[in-house]
Structures are given as structure tokens and as C-alpha cells.
Amino acid sequence: MTLVRYGTATGRWVLLATVLGSSLAFIDATVVNIALPAIGQGLGAPAAGLQWTVNGYALSLASLILLGGALGDRYGRRRVFQLGVGWFAAASLLCGVAPTVELLIGARVLQGMGGALLTPGALAILEASFVRADRSRAIGAWSGLAGVGGALGPFLGGWLVQVANWRLIFLINVPLALAVMAVTARHVPESRDAAAGTRIDVAGVLTGAAGLAGLTYGFTAWPVRGPDGPAVVASLAVGVAGLIAFVLVERRSAHPMLPLEVFASRAFSAANAVTFLVYAANGGVFFLVVLNLQVVAGFSPLAAGVALLPVTGLMLLLSARSGALAMRIGPRIPLTAGPLTCAVALVLLSRIGPGASYPLDVLPPVVLFGLGLALLVAPLTATALGALDDARAGIASGVNNAVARAAGLLAVAVLPLAAGLGGGSLTEPEDLRPAYRSAMLLCAVLMAAGGAVAAALVPSRLPSAAPEVAGPAPRTPVRSFCDPAGPPRHPRPDRA
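Residues numbered from 1 in each chain as written. Predicted model: local features only at pLDDT ≥ 70, side-chain atom pairs only at ≥ 80, totals over all residues. Heavy atoms only, no water.

A description of the overall build of the protein should follow, citing residues and the corresponding values.
Check the secondary structure of the protein and you find 16 helices and 0 strands. Burial status across the protein gives 53% buried among its 496 residues. When contacts within the protein are restricted to residue pairs at least 6 apart in sequence, those whose partners lie at least 24 apart make up 83%. Accessible surface for the protein amounts to roughly 19,900 Å². Of this, 68% is attributable to carbon and sulfur atoms. (Helix = DSSP H or I, 4+ residues; strand = E, 2+ residues; numbered from the N terminus. Buried < 20%, exposed > 50% of the residue type's maximum accessible area, 1.4 Å probe, protein only. Contact = heavy atoms within 4.5 Å. Areas by Shrake-Rupley, 256 points an atom, 1.4 Å probe, with all protein chains shown as cover.)

Given below as C-alpha cells:
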């Protein structure tokens, strides 16, 4: 079994499997929001119950995503990815038939667990399956196509709820998951980290999950209960204590779930710092722009949802090209120029107010923002994954996903407060308008900071590795990242 080339039949199947698998998790993260009123009416659920149909999924996903990456490195990325897809499908079936909101919340927590297994596995499979020269392009294509899946979630959910029943938004996952499992089993090569061993770092799992769960719940409950609410304070304290304990445990563990020496890589640490800043800004943008368009500018819900579609379209068209560009010129320039472009776009977006015109006031900054994201997302992901040894692709993907999700949660919780909303309402135009402007300017600062960090810390070139595509008699051994139980092989173009 050999590494594959982008554009070959096998490469397209690998990309299809990872895109569809990731889209399951991405779509479910957004589609449920559209169906909440119908779910509440159908199950007679109170507001708190409806909130936890969303939060329960996010909580378990964020808490276990590092574990998902570590399990893939140890037991095989394809195997754990398939387990996650199957788990997600079974949980989706339980969601679709849940007779009460309590059972629905429990099934959503199980869905998040499945998502934690499949999400880091998708990127780790791309990193381990494609030859090094093609990885940035493959990750770029994955970013664009998976982004389309996430963007289509609200439209798919709205259509299914309107023409049929809210339960279909969960039940439709089952046949899609079965298709992903079939394609993965037939076309995706297995890969793992032979040095990772097979022992599970139980203490690391528990402390890491407690840390991420505490922070996730604390930031989620912050807007409702306030920063001084007992549940918020206790949860954040548990989160901080859990993460401190996690670091201490991982330093002493013989088989750590997250080897701390990965952060000795300047490129890896810098890429994750940029990820935190950029995705914190993204979390605020995608939460507040659509809200401001409806509440302040007077757009309909459908028009507000469609307003940001150019971002998805530009990422679909340009992400693979931007990944290929980063391979040629290095990641520093795209990771500097992309966030700075987004920062300019956010300054322009901050001016959207009552009576805004879509063609004149909204579309130009949205297009500029899409161009900035298309320039930075694929190189950023490729840098985070490529900065480490390829055998640690699962760990690299798990850390980067956890950083991005934590940043998004923090932004949604903190930005309205930092922007001066305080006790105001997000649905009152006079309260939201000044807070929205301040929040967009804060997001612009975060983006600019991300560009500055990239310019200062991201290397102009990632460390080179042994060549992976060679002639019939290569002088340098070429390492294969397929199953290490098999004999080492040299990839051949005719087999790619």
C-alpha cells in the first residue's frame, strides 16, 4: 500500500470519504439551531432543554477531541475514523426516534462523542495518506468542500423541517454515514504511529476531558448566568484545574495522550496561536453578523443566512489553490496576508447599520473576508499538521481542532460582554447596534494580531522530510505512513 497523489482516482476517494465524514459533524453543529422551535413544539421542551440539545453536543465533542486524535495514532486512523462515523450514525438514529427532550439530549451527547472520534481522524488521514507535495492542496480542497457542507446545514435543516419533520435532520445522517464507511473501507489506507504504543493514558483522558468540559460549559453558560454565576465560576475553576492537572500528568506519563514535546516545534506552537486568534474572530463574525443583519439592518432570516454564502463559495474555489501556493512560497506570507485582509473586511463590516444595502454595504466586505479566509485557512491547517512528524498527525489534528473550537466558544461567550452589551438584549436594535460595531472592531484586532503572530513566529518554510515520490531506485529510503505492521515500501507513481 502506497501514499496517494492528489487528482488520482484513489486520492479522490480518500478526499470524498474525509469530506463526507467531516460534513456529518459540521452540518449537525449548525442544522439543529434551525430546528429548535420545531423540536420544542414536538417534544414540549422548555427553553433550557432546547439549549442543551445544542450544548450537550458541543460539550462532549470539545471534551474528547484530543482523545480521538490520540486513539487514531495508536490504533489506526482509518479504524477510529470508521468507529466515529458508525458511532455518529447510531447516535443520530437515537436522536431521530427520541420520545423526550431528556433522551434527545443524551443522544446528542453521544453524537458529540462520535464527532470527537471522526473529526481529527479526517485531517489525520489526509496528512498520512497523501504524498507531502500534495498535502496542502488536499487539505485546501477538504477545507472548501467541508465548509460547503457546514454552510448547507441551515438550508437543509430548514427545508426538512418545513416539508417533513424535524426528526429527518438526524435520520438522514444514517445512510450518509453508511456510505462514508463503505468508501473508507475500500479506498482509504490505514495509518498509525508505531511509536505510540497501545496503552491508554487514562489519567490524561480524565484530566483533559475535565479541563475542556469545564471551560466549554463555563463559557457556554456565561452569557445566561453571568460571569459571577456560581455554576460559571465553579465550571471555569474545574476547567483551569483540569488543564493544569493534565499538563502535570502528561509530563510524567510514560505513554502520554499529548506528548508535550510537540510544542517545542516553533511552527506548531505558532500555528496554534494563530488558530486561536483567527477562530476567535471567526466565532464572533459568524455569530454576530447574521444576527445584526436581521435585528439592526432588517434582513429576513433567509436573506441574512444567504448573505455570507460568498465566503463559502470563495473558499470552495480558492482553498486548494491557496494550499498549493503555500507549498511553493511557504506558509508565512499567506498566514500574514490572510488575517490582515480579514481585518480590513471586518472594519468595513462593522459599519453595517439600519437600512444597509446588500450589494453596496454587505457584499464587498463579505467578498474581501472570504478572500482572506481562503488565503489563510488551508495553509494554517497544513502548517499545524505539517509542523510535526507525520506519525503524529492525529495528535496535531486533535490539538488544532480543540484550539479552534475553544476559541470559537470563547468568542461567542465573551465578545458581547467585551463589546459593552452587558445586560442588554441581542434582539433589541438599540442594544445590539453599538455592541455589534465594537465586537467587529475587536474581531478585526484579533485577526490583525493573528497576522502579526504569523509574521513573527511562523517559519518561511516547514522542516523538510525525506522525499516521498521517487524513481524506481531511490537513493534515500522513503517512509510510508501506511500500516507499520506491513513491510516498508517506496511509493511508485503508477500505483498512486
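Once you've had a look at it, read on.
So what's going on with the packing of aromatic side chains? Residues and values would help.
Under the counting rule described, the total for this entry stands at 4 aromatic pairs. Measuring from centroid to centroid gives 6.2 Å for tryptophan 166 and phenylalanine 170, while their planes differ by 90 degrees, and the two rings are edge-to-face. Given the relative accessible area of 6%, tryptophan 166 is considered buried. Looking at phenylalanine 170, the relative accessible area reads 1%, which means it is buried. (Phe/Tyr/Trp six-rings, centres within 6.5 Å; stacked < 30°, edge-to-face > 60°.)

Outline the environment of leucine 385, listing residues and values.
Relative to the helices and strands, leucine 385 is located in helix H14 (residues 358–386). Overall, the relative accessible area of 1% leaves leucine 385 in the buried class. For the pair leucine 385 and alanine 267, spaced 118 residues apart in sequence, the C-alpha to C-alpha distance is 9.7 Å. If sequence neighbours within four positions are ignored, leucine 385 has contacts with Leu123, Glu127, Ile139, Ala396 and Ser397.

Tell me about the packing of helix H12 (residues 309–329) against H14, and name the residues and values.
Running from N to C, H12 and H14 cross one another at 30 degrees; their axes reach a closest spacing of 7 Å. In terms of orientation, H12 and H14 fall into the roughly parallel class. For H12 against H14, the interelement crossing comes out right-handed. Classifying every residue of the contact of H12 with H14 by side-chain character gives 19 nonpolar, 4 polar and no charged. (Axes fitted to C-alpha atoms, helices over the stretch in contact; angles between N-to-C directions. Parallel < 35°, antiparallel > 145°, perpendicular 65-115°, else oblique. Left-handed = near helix turned anticlockwise from the far one by under 90°. Nonpolar A, V, L, I, M, F, W, Y, C, P; charged D, E, K, R; others polar.)

Any chance you could break down the nonpolar core for me, citing the residues and the numbers?
Formed by 105 residues in total, the largest nonpolar core has its most connected members in Leu293, Leu346, Phe369, Leu373 and Met447. Considering each element in turn, this core owes the most residues, 15 residues, to helix H10 (residues 266–295). Once you skip the residues sitting within four places of it in the chain, leucine 373 turns out to touch Asn282, Phe286, Val311, Met315, Cys342 and Met447. Grouped together as the second largest cluster of nonpolar side chains are 17 residues, Val31, Ala45, Leu160 and Ile169 included. (Core = buried A, V, L, I, M, F, W, Y, C linked by side-chain atoms within 4.5 Å.)

Residues and numbers for helix H3 (residues 77–97), please.
Given a rise of 1.5 Å per residue, 21 residues ought to cover 30 Å, and the 30 Å separating the end C-alpha atoms of H3 matches this to within 8%. For H3, the set of buried residues is Arg77, Val80, Phe81, Gln82, Gly84, Val85, Phe88, Ala89, Ala91, Ser92, Cys95 and Gly96. (Expected span 1.5 Å × (residues − 1).)

How would you sum up the layout of surface pockets? Please name residues and give values.
The volume enclosed by the second largest pocket comes to roughly 480 Å³. The wall of the second largest pocket is formed by 19 residues, among which Leu212, Leu243, Ala402, Val403 and Ala406 lie closest to the centre. If you list the elements that add at least two residues to the lining of the second largest pocket, you get helix H2 (47–75), helix H8 (202–225), helix H9 (230–252) and helix H15 (393–418). Ranked by residue count, the leading element in the lining of the second largest pocket is H15, at 6 residues. (1 Å grid on protein atoms, 1.4 Å probe; cavity = no way out; pocket = protein on both sides within 12 Å on 5 of 7 lines; lining within 4 Å. Points joined across faces, edges and corners; volume = space filled by probe spheres on them.)

Give me the lowdown on the confidence of the model for the protein, citing residues and values where you can.
Per-residue pLDDT for the protein has a mean of 80; in total, 83% of the residues score no lower than 70. At the low end of the mean pLDDT range in the protein sits helix H5 (residues 132–163), at 71; at the high end sits helix H13 (residues 332–349), at 96. Within the model, the stretch residues 465–496 combines pLDDT values under 50 with 60 contacts to residues more than four positions away or in other chains. (pLDDT = per-residue confidence, 0-100.)

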